[in-house]
Amino acid sequence: MSQPHAANTLQGSGTMNPRLETLQGELLTTCRRYYRDRLVSLAVFGSVGRGTAGPESDLDVLLVVRDLPQGRPARAAEFQRHVEAALSDPLAQVRSADGSLEISPVFKTPAEALRGSPLFLDMVEDARILFDEEGFMEGVLSRLRERLRKLGSRRVWLGNAWYWDLKPDYRHGEVFEL
């Protein structure tokens, strides 16, 4: 088995809630216990990853796992049955103190992650990578980050929301790829 690669691409300026920090540790332990050698990467993104979570936030999680079942429903059922169920006590502690936190998992096989996803734009600057076998997800995000840099892309904030200006010098009819 390959050694896990510790990584953290978090560049946000927020402070992590200690209960959420503990829950993330429990999530990592539970995912490693259940998925074992199938787990390639585990990352937290969104407001929790940025350290800006509020009472209505969810815990956005990306799992890159080998040999996943086909289709989102089967993947979600596996996660709920073996991971989320094991986290019922830590989740209850966070919910009693911080609101109605739900885990919102996204599942990708390594091949699916290599194909990319618009979701990765939300992760390129703010992902908190908890587990990353041989730097797999960090590599995916680094390549996207470099492509965005070459295009001159920039993230534009509008209050608490943002959008990407992917190619500021875009000309009508021009085709470009991320």
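Residues numbered from 1 in each chain as written. Predicted model: local features only at pLDDT ≥ 70, side-chain atom pairs only at ≥ 80, totals over all residues. Heavy atoms only, no water.

A. Summary view of the side chain of Thr30. Secondary-structure assignment places Thr30 in helix 1 (residues 18-35). Of the polar contacts made by the side chain of Thr30, one reaches the backbone oxygen of Glu26; its length is 2.8 Å. The contact partners of Thr30, leaving out residues within four places of it in the chain, are His82, Val83, Ala86 and Leu87. (Helix = DSSP H or I, 4+ residues; strand = E, 2+ residues; numbered from the N terminus. Polar contact = N/O pair within 3.5 Å; in protein donor to acceptor, adjacent residues only side chain to side chain. Contact = heavy atoms within 4.5 Å.)

B. Inspection of helix 1 at higher detail. Taking 1.5 Å per residue as the helical rise, helix 1 with its 18 residues ought to reach 26 Å, and the 25 Å between its terminal C-alpha atoms agrees with that figure. Turning to helix 1, its buried residues number three or more, namely Leu20, Leu23, Gln24, Leu27, Leu28, Thr30, Cys31 and Tyr35. Following helix 1 by one or two positions, Arg36 adopts a phi angle in the positive range, close to 50 degrees. (Expected span 1.5 Å × (residues − 1). Buried < 20%, exposed > 50% of the residue type's maximum accessible area, 1.4 Å probe, protein only.)

C. Quick look at the pairing of strand 5 (residues 154-158). The pairing of strand 5 with strand 6 (residues 161-165) spans five bridges and is classified as antiparallel. Note on strand 6: the bridge partner recorded for Leu158 is Ala161. In textbook terms, the turn of a hairpin is the stretch between consecutive antiparallel strands, and for strand 5 and strand 6 this stretch comprises two residues, one of which, Gly159, has a positive phi near 70 degrees. (Pairing = 2+ DSSP bridges.)

D. Up close: the sheet that holds strand 2 (residues 59-65). One open sheet holds the four strands; their spatial order is 3-2-1-4, and the pairing between them is mixed. Where the open sheet ends on each side, the last strands, each with one partner, are strand 3 (103-108) and strand 4 (128-132). Neighbour-to-neighbour, the strand axes of the sheet open up by a mean angle of 15 degrees, direction not taken into account. Pairing of strand 1 (residues 39-45) with strand 2, which is carried by six bridges, proceeds in the antiparallel orientation. Across the sheet, residue Ser41 finds its bridge partner in strand 2, namely Val64. Its contacts with the sheet place helix 1 against strand 1, strand 2, strand 3 and strand 4, and it is angled at close to 160 degrees to strand 1. On the sheet, helix 3 (residues 72-84) packs against strand 2 and strand 3 and is oriented at approximately 125 degrees with respect to strand 3. (Axes fitted to C-alpha atoms, helices over the stretch in contact; angles between N-to-C directions.)

E. Spatial organisation of the nonpolar core. Within the largest apolar cluster, 24 residues are counted, with the highest numbers of intra-cluster contacts made by Leu27, Cys31, Tyr35, Leu42, Leu59, Leu63 and Phe79. When contributions to this core are tallied by element, the ones reaching two or more residues are helix 1, strand 1, strand 2, helix 3, helix 4 (88-98) and strand 3. When residues of this core are assigned to their parent elements, the largest contribution, six residues, is made by helix 1. Those residues in contact with Cys31, other than ones at most four positions away along the chain, are Arg36, Leu39, Leu42, Leu63, Phe79 and Val83. The next biggest cluster of nonpolar side chains, apart from the first, holds 19 residues, and it includes Phe45, Val124, Val140 and Leu144. (Core = buried A, V, L, I, M, F, W, Y, C linked by side-chain atoms within 4.5 Å.)

F. Broad picture of unusual backbone geometry. The phi torsion at Asp67 lies on the positive side, around 55 degrees, for a residue other than glycine. You can see Asp67 is positioned in the loop between strand 2 and helix 3. At Glu134, a position not held by glycine, the phi torsion is positive, near 55 degrees. One can find Glu134 in the loop between strand 4 and helix 7 (136-151). Using a relative accessible area of 60% as the deciding quantity, one classes Glu134 as exposed.

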